[in-house]
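Below, each chain spelled out in residue letters.
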Amino acid sequence: MKKLSVILTLFLLAALTFAQKAGDKITFTATDLKGAPVTSDIFARNKITMLNIWGTFCGPCIREMPDLAKLNEENKANGVEVAGIVIDILDRRGNVDSRVKSSAESIISQTGADYTHIVPNLTMMTGLLKNVQAVPTTIFIDSEGKIIGQPYMGAKSQKDWQKIIDEILKK
């Protein structure tokens, strides 16, 4: 009974971690770390987008980034792309913190994670990212911008992520 209670608690925490649920459509307008505009239209160019929400303070996030970079390269032909959201880049007023931005750029360079990294705006922070309580949190999104399944909390290996991607592609 105790094990069931722990499992139920973990499931509820995972469900509460993300503001949206499977099937919800994600829309946003933001910029990437280079300042270029990026919108939810990025989802339309792929069968699946793996959206990884990470923080510059997060060791597990940074350790998995080289694997995410490899996944991004190895799955492009299958219509799969990785994108990141740097969750800790805004200060309390909603402005980009230049120190955090510099740290994010350094991390991306060191890890080879040169896929798109989105700078969230206040609308995203109070909507899409509102209930993210742990990083990394990863969600998969289809070409229509709809969330596939539940969010994944925690870092995974390239092999484990590939298994998840392969399962999603089979559907």
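Every value quoted in this text rests on a predicted model; they were computed, and no experiment measured them. (Residues numbered from 1 in each chain as written. Predicted model: local features only at pLDDT ≥ 70, side-chain atom pairs only at ≥ 80, totals over all residues. Heavy atoms only, no water.)

Notes on the pairing of strand E7 (residues 147-153)
Moving on, step 1. Sheet analysis places strand E6 (residues 137-142) next to E7, joined by four bridges and oriented antiparallel. Counted as the bridge partner of Thr137 is Met153 from E7.
Moving on, step 2. Taken together, E6 and the strand that follows it, E7, pair antiparallel across an intervening segment of four residues, in which Gly145 is found at a positive phi of about 85°. (Pairing = 2+ DSSP bridges. Helix = DSSP H or I, 4+ residues; strand = E, 2+ residues; numbered from the N terminus.)

Concerning the packing of aromatic side chains
Moving on, step 1. For the structure on display, the rule yields four aromatic pairs.
Moving on, step 2. When the centroid spacing of 5.9 Å and the interplanar angle of 70° are considered together, the rings of Phe28 and Phe43 count as edge-to-face. Pair noted here: Phe28 is in the loop between helix H1 (2-17) and strand E1 (29-32) and Phe43 is in the loop between strand E2 (37-39) and strand E3 (48-54), with a separation of 15 residues, a long-range link. This pair shows no difference in class: Phe28 is buried, exactly as Phe43 is.
Moving on, step 3. One aromatic cluster is present, formed by Phe140, Tyr152 and Trp161 through successive ring pairs.
Moving on, step 4. One cation-aromatic arrangement involves Lys156 over Trp161; the distance from NZ or CZ to the ring centre is 5.6 Å. (Phe/Tyr/Trp six-rings, centres within 6.5 Å; stacked < 30°, edge-to-face > 60°. Buried < 20%, exposed > 50% of the residue type's maximum accessible area, 1.4 Å probe, protein only. Lys NZ or Arg CZ within 6 Å of the ring centre and 35° of its normal.)

Describing the side chain of Asp97
Moving on, step 1. By the secondary structure assignment, Asp97 is in the loop between strand E4 (80-86) and helix H3 (98-111).
Moving on, step 2. Its relative accessible area of 18% is what places Asp97 among the buried residues.
Moving on, step 3. Polar contacts involving the side chain of Asp97 include one to the main-chain amide nitrogen of Arg99, which spans 2.9 Å.
Moving on, step 4. With residues near it in sequence (within four places) discarded, Asp97 still touches Ile89 and Asp91. (Polar contact = N/O pair within 3.5 Å; in protein donor to acceptor, adjacent residues only side chain to side chain. Contact = heavy atoms within 4.5 Å.)

Focus on the layout of surface pockets
Take a probe with the size of a water molecule and roll it over the atoms, and the empty space left behind shows itself.
Moving on, step 1. A volume near 170 Å³ is recorded for the largest pocket.
Moving on, step 2. Around the largest pocket sit Asp32, Leu33, Lys34, Glu105, Ile108, Asp114, Tyr115, Thr116 and His117, which together line it.
Moving on, step 3. When contributions to the lining of the largest pocket are tallied by element, the ones reaching two or more residues are H3 and strand E5 (116-119).
Moving on, step 4. For the lining of the largest pocket, a count of residues per class yields three nonpolar, two polar and four charged. (1 Å grid on protein atoms, 1.4 Å probe; cavity = no way out; pocket = protein on both sides within 12 Å on 5 of 7 lines; lining within 4 Å. Points joined across faces, edges and corners; volume = space filled by probe spheres on them. Nonpolar A, V, L, I, M, F, W, Y, C, P; charged D, E, K, R; others polar.)

What to know about the environment of Arg63
Moving on, step 1. Residue placement: Arg63 occurs in helix H2 (residues 59-75).
Moving on, step 2. Arg63 sits 94 residues away from Ser157 along the chain, and the two C-alpha atoms are 9.4 Å apart.

Focus on the packing of H2 against H3
Moving on, step 1. Relative orientation of the contacting elements H2 and H3 amounts to 45°, with a least axis distance of 9 Å. The angle between the axes of H2 and H3 places the two elements in the oblique class. The two elements H2 and H3 cross, and the hand of that crossing is right-handed. Touching Ile62, Met65 and Pro66 of H2 are Ile107, Ile108 and Thr111, all from H3.
Moving on, step 2. Classifying every residue of the contact of H2 with H3 gives five nonpolar, one polar and no charged. (Axes fitted to C-alpha atoms, helices over the stretch in contact; angles between N-to-C directions. Parallel < 35°, antiparallel > 145°, perpendicular 65-115°, else oblique. Left-handed = near helix turned anticlockwise from the far one by under 90°.)

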